[in-house]
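This is what each chain is made of:
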Amino acid sequence: MLRAEELYRFYRAGDEEIRALRGVSLDVAAGETVAVTGPSGSGKSTLLACLAGLEEPDGGIVRIAGARIDHRPERERAALRARHIGLLFQSGNLIEHLTVRQNLDLAQRLAGRRDRSWRDAVLDRVGLTGRARAWPSTLSGGEAARAGIALAVANRPAVLLADEPTGELDRAAESDVLRLLRDQARQGTTVVIASHSPAVRRFADRTVTLKDGRAT
Ligand code: ADP
Ligand code: MG
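Heads up: these notes are all about the structure in this document. (Residues numbered from 1 in each chain as written. Chains lettered and ligands numbered in written order. Predicted model: local features only at pLDDT ≥ 70, side-chain atom pairs only at ≥ 80, totals over all residues. Heavy atoms only, no water.)

## Section: the side chain of Q108
Tracing the sequence through the fold places Q108 in helix 3 (residues 100–110). When near neighbours in sequence (up to four residues on either side) are disregarded, Q108 contacts R113, R114, D115, R116, W118, R119 and A154. (Helix = DSSP H or I, 4+ residues; strand = E, 2+ residues; numbered from the N terminus. Contact = heavy atoms within 4.5 Å.)

## Topic: the pattern of salt bridges
Here the idea is simple: oppositely charged side chains can pair when their charged atoms come close. On inspection of all chains with the given rule, the structure shows 15 salt bridges. Residue E5 pairs with R63 through a salt bridge whose shortest N-O separation is 3.3 Å. With E5 in strand 1 (residues 2–13) and R63 in strand 4 (residues 59–64), this pair connects stretches of sequence that are 58 residues apart. On the accessibility criterion, E5 (33% relative accessible area) is partly exposed. Taking the relative accessible area as the measure of exposure, R63 reaches 30% and is therefore partly exposed. Among the salt bridges present, the one from E74 reaches R81, with a minimum N-O distance of 3.1 Å. Assessed through its relative accessible area of 40%, E74 is described here as partly exposed. When salt bridges that share partners are traced, they join R9, E55 and D58 into one network. (Salt bridge = Lys/Arg side-chain N within 4 Å of Asp/Glu carboxyl O. Buried < 20%, exposed > 50% of the residue type's maximum accessible area, 1.4 Å probe, protein only.)

## Concerning the site of ligand 1
All residues adjacent to ligand 1 are Y11, I18, A20, P39, S40, G41, S42, G43, K44, S45 and T46. Within the contact set of ligand 1, an oxygen atom lies 3.1 Å away from a backbone nitrogen or oxygen of G43. One of the backbone N or O atoms of S45 is found 2.9 Å from an oxygen atom in ligand 1. Taken by itself ligand 1 offers 550 Å² of open surface, and the protein chains cover 62% of this. Elements with a minimum of two residues in the shell around ligand 1: strand 2 (16–28) and helix 1 (44–51). Top element by residues in the shell around ligand 1 is helix 1. It accounts for three residues. Here the shell around ligand 1 is built from residues that sort into four nonpolar, six polar and one charged. (Near = heavy atom within 4 Å. Polar contact = N/O pair within 3.5 Å; in protein donor to acceptor, adjacent residues only side chain to side chain. Areas by Shrake-Rupley, 256 points an atom, 1.4 Å probe, with all protein chains shown as cover. Nonpolar A, V, L, I, M, F, W, Y, C, P; charged D, E, K, R; others polar.)

Right, here's the structure in full:
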């Protein structure tokens, strides 16, 4: 479902070249949950950004559901992303001036899908039916994390990419988030989570560890 072959990504900082990814390959099946771990600066976020088509790798190939997302114009990458990928970040992915439900509707619209019953089912699954009309700024930390998951799956993505999704949460909210991500994987979604949390490692089917831009 998700395949990365020999990804390279370099950044330039003055005279220095930072080699964020140095030949990372990854193959994740439908319904599989993979944790990407490694110390800060090891390349986890860069890898997820390349998988999402948010960053262009300097070398290598990324395929999502059979389609290449690398080396295409941004417009095409954005369309593939809206259709096939759900994104979840620690900082939150909700648009502040839309309610929780309007955020989900927008994600569906961008994916060319409109499915109110799926939207309502997702809100129910994350326990936010009663908060559907809430503004993001009024949500608690745990609610915001669950709303982020609802938004990430509103477009029924084949692949869900989460970068440190539980970084700022307490233990109870973290286990809620992990349980919801696992439910999503059980429905056939490919889930990749970058995190250094031991709880994430425990809950994943498989762990890939990065060190200095290489999978160890
Ligand atoms: P992680 O998510 O594992 O902490 P990152 O992927 O964020 O690691 O970063 C990997 C390396 O690439 C780090 O050395 C980081 O400083 C560098 N890096 C990431 N993004 C940029 C950027 N936009 N410009 C310059 N260097 C970057
Ligand atoms: Mg990171």
